[in-house]
Amino acid sequence: MLSSDQHHTMDFNVKKLASDAGVFFTRAVQFTEEKLGQAEKTELDAHLENLISRGDGTKNWTEKILRQTEVLLQPNPSARIEEYIYDKLDKKLPSKATNAELLGQYMLDAAAEFGPETPYGSTLITVGEYQKRLGGAERELLHTSATTFLTPLRNFLEGDWRTISKERRLLENRRLDLDICKARVKKAKQAEAKAAAAPDFQETRPRNYVLSASASAAEHELRVAQTEFDRQAEVTRLLLEGISSTHLNHLRCLQDFAEAQATYYAQCHHYMQDLQRELSRCANSVSGPASAAICPNPVSSAFLSGPSIGAAVSSSSSSSSNQKPRTPTMEQMQLPVTGARKAKVLYDYDAHDVSELSLLADELITVYTVLGMDPDWLIGERGNDKGKVPVTYLELLS
């Protein structure tokens, strides 16, 4: 048996459901009549309309930029779907090797099978190690981009924009209610005027009284609806004006993303320069056809065959040594300083040998060049420390 309180609760829920259904139906009728041009529609003020248009544009372009950035950073659609599922489940995605890291590991495994002391094996080890470094740089780019760029854009779409959309839907409902009340007032006044123009002398007072009361009630509902509409319009306006702050936040995120890309490409450029130098040193050590197999030229050996391999490698090595600027020795660093200037270090850099100078981001050093030096490098000085530094890691100051 149900208690009286339970009966009361069920009655209340049924009444509320019927009331909500009636309101929904009335709004649907008003909306349909507006679309058909059979009902008047309250227009929003121009400022609010502009804010709504700007908000829609921000939402649409943020979605496109977010999706395309995800494609740029992760071209594999299956991997993107996996990342999306883990994100929705609020679980951490298992760490995976990048494609470059996998390639590097395959090269190292191949070198172990072919023999690390063989020319092919030793070159596989060298290239494989640098591929793994490139993969590590890519991993850092993916992590930094996700933290500083993708996450803020996603938070806007799933947080702020959802709130704005909810308030806009509520504003639309308030507008429909307002226009419904306006239509009721209009009909009540028309009925009252019609009754006054053609009075029924037998029921004049009761009928006029009822119509007047109906018009008064409709006008009261209109005032309430107007107040609620104005209040909701103000709430929506304040939220949409916050889009300007969103643009500023996304601007900072965009700068962070560009900086992460610059760091990544600078690291890749530096790693490839180092790899080319190592392969070039190996090629330059070739003295004749008899020793050509010791260290094949990484560019041309894959395309050469037969007895002419040694001569081609030697020729290529000789040409490379003639065209590539010589790496300066420590004695050359003692030449008189010319064109010395200050430079700001953009990224940390670890020296690969004693001829180079390790750097820390944001520190200031003195740099200059010497005759015959590789244009991608400068001589850096910090106190009594001196060594080669890569140009891509520096911002030269006037």
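Residues numbered from 1 in each chain as written. Predicted model: local features only at pLDDT ≥ 70, side-chain atom pairs only at ≥ 80, totals over all residues. Heavy atoms only, no water.

Each helix and strand in the chain was counted, giving eight helices and five strands. Its helices and strands taken in sequence order, the chain reads α-α-α-α-α-α-α-α-β-β-β-β-β from the N to the C terminus. Expressed as a percentage of its 398 residues, the buried residues of the chain come to 31%. Counting only contacts in the chain whose residues sit at least 6 apart along the sequence, the fraction spanning at least 24 positions is 69%. (Helix = DSSP H or I, 4+ residues; strand = E, 2+ residues; numbered from the N terminus. Buried < 20%, exposed > 50% of the residue type's maximum accessible area, 1.4 Å probe, protein only. Contact = heavy atoms within 4.5 Å.)

Okay, unusual backbone geometry next. Its identity is not glycine, yet Asp362 carries a phi of approximately 80°, on the positive side. With respect to the helices and strands, the residue Asp362 is situated in the loop between strand S1 (338-345) and strand S2 (364-369). Classification of Asp362 by relative accessible area gives exposed; the value is 57%.

Okay, helix H4 (residues 99-114) next. The terminal C-alpha atoms of H4 lie 22 Å apart, and with 16 residues this matches the ideal 22 Å at 1.5 Å per residue to within 8%. Among all positions in H4, only Ala100, Glu101, Gly104, Met107, Leu108 and Ala111 are buried. End-on, the buried residues of H4 take up no more than an arc of 120°, which puts them together on one face. In H4, the exposed positions angled more than 90 degrees off the buried face are occupied by Asn99, Tyr106 and Glu113. Directly beyond the C-terminal end of H4, a positive phi value near 110° is found at Gly115. (Expected span 1.5 Å × (residues − 1). Arc of directions from axis to C-beta.)

With the rule as written, the count across this model stands at seven aromatic pairs. Measuring from ring centre to ring centre gives 4.7 Å for Phe149 and Phe257, while their planes differ by 10°; the resulting arrangement is stacked. One end of the pair, Phe149, is in helix H5 (residues 119-197); the other, Phe257, is in helix H7 (residues 243-284), and 108 residues separate them in sequence. Grouping aromatic residues by their ring pairs yields a cluster made of Tyr347, Tyr349, Trp377 and Tyr393. The side chain of Lys64 reaches across the aromatic face of Trp61, ending 4.5 Å from its centre. For the cation-ring pair, Lys388 lies above Trp377, with the distance from its terminal atom to the ring centre recorded as 5.3 Å. (Phe/Tyr/Trp six-rings, centres within 6.5 Å; stacked < 30°, edge-to-face > 60°. Lys NZ or Arg CZ within 6 Å of the ring centre and 35° of its normal.)

Another point: the nonpolar core. The biggest cluster of nonpolar side chains holds 38 residues, and the ones touching the most others in it are Leu44, Leu48, Phe149, Leu171 and Leu240. Of all elements in the fold, only helix H2 (46-73), H4, H5, helix H6 (204-241) and H7 reach the threshold of two or more residues within this core. Ranked by residue count, the leading element in this core is H5, at 16 residues. Residue contacts for Leu44: discarding those within four places in its chain leaves Glu49, Ile52, Leu171 and Phe229. Tyr349, Leu359, Ile365 and Trp377 belong to the second largest nonpolar core, which has 18 residues in total. (Core = buried A, V, L, I, M, F, W, Y, C linked by side-chain atoms within 4.5 Å.)

All chains considered together, the criterion is met by 20 salt bridges. Arg175 serves as the salt-bridge partner of Asp179, at 2.6 Å between the closest nitrogen and oxygen. Of this pair, Asp179 and Arg175 both sit in helix H5, separated by four residues, roughly a single helical turn. In this structure, Asp179 and Arg175 share a single accessibility class: buried. Between Arg277 and Asp374 there is a salt bridge, and its shortest N-O distance comes to 3.9 Å. A residue pair is termed long-range when its members are at least 10 positions apart, and Arg277 in helix H7 and Asp374 in the loop between S2 and strand S3 (377-382) qualify at 97 residues. Residue Arg277 shares its accessibility class with Asp374, and that shared class is buried. Through salt bridges that share partners, Arg27, Arg174, Asp177 and Glu228 make up one connected network. (Salt bridge = Lys/Arg side-chain N within 4 Å of Asp/Glu carboxyl O.)

What follows is about the side chain of Glu167. Tracing the backbone through its elements, the reader meets Glu167 in helix H5. No salt bridge is formed by the buried Glu167, whose closest oppositely charged neighbour, Lys166, lies at an N-O distance of 5.4 Å. Aside from chain neighbours lying at most four places away, what touches Glu167 is Gln232, Val235, Thr236 and Leu239. (Lys, Arg positive; Asp, Glu negative; His and termini not counted.)

The next subject is the pairing of S3. Here three bridges tie S2 to S3, and the two strands are oriented antiparallel to one another. Within S3, the position partnered with Thr366 by the bridge is Glu381. Bridge analysis of S3 against strand S4 (residues 385-390) gives six bridges, and the strand direction is antiparallel. Paired with Ile379 across the bridge in S4 is Lys388. Counted between consecutive antiparallel strands, the loop separating S3 from S4 contains two residues, among which Gly383 sits at a positive phi close to 65°. (Pairing = 2+ DSSP bridges.)

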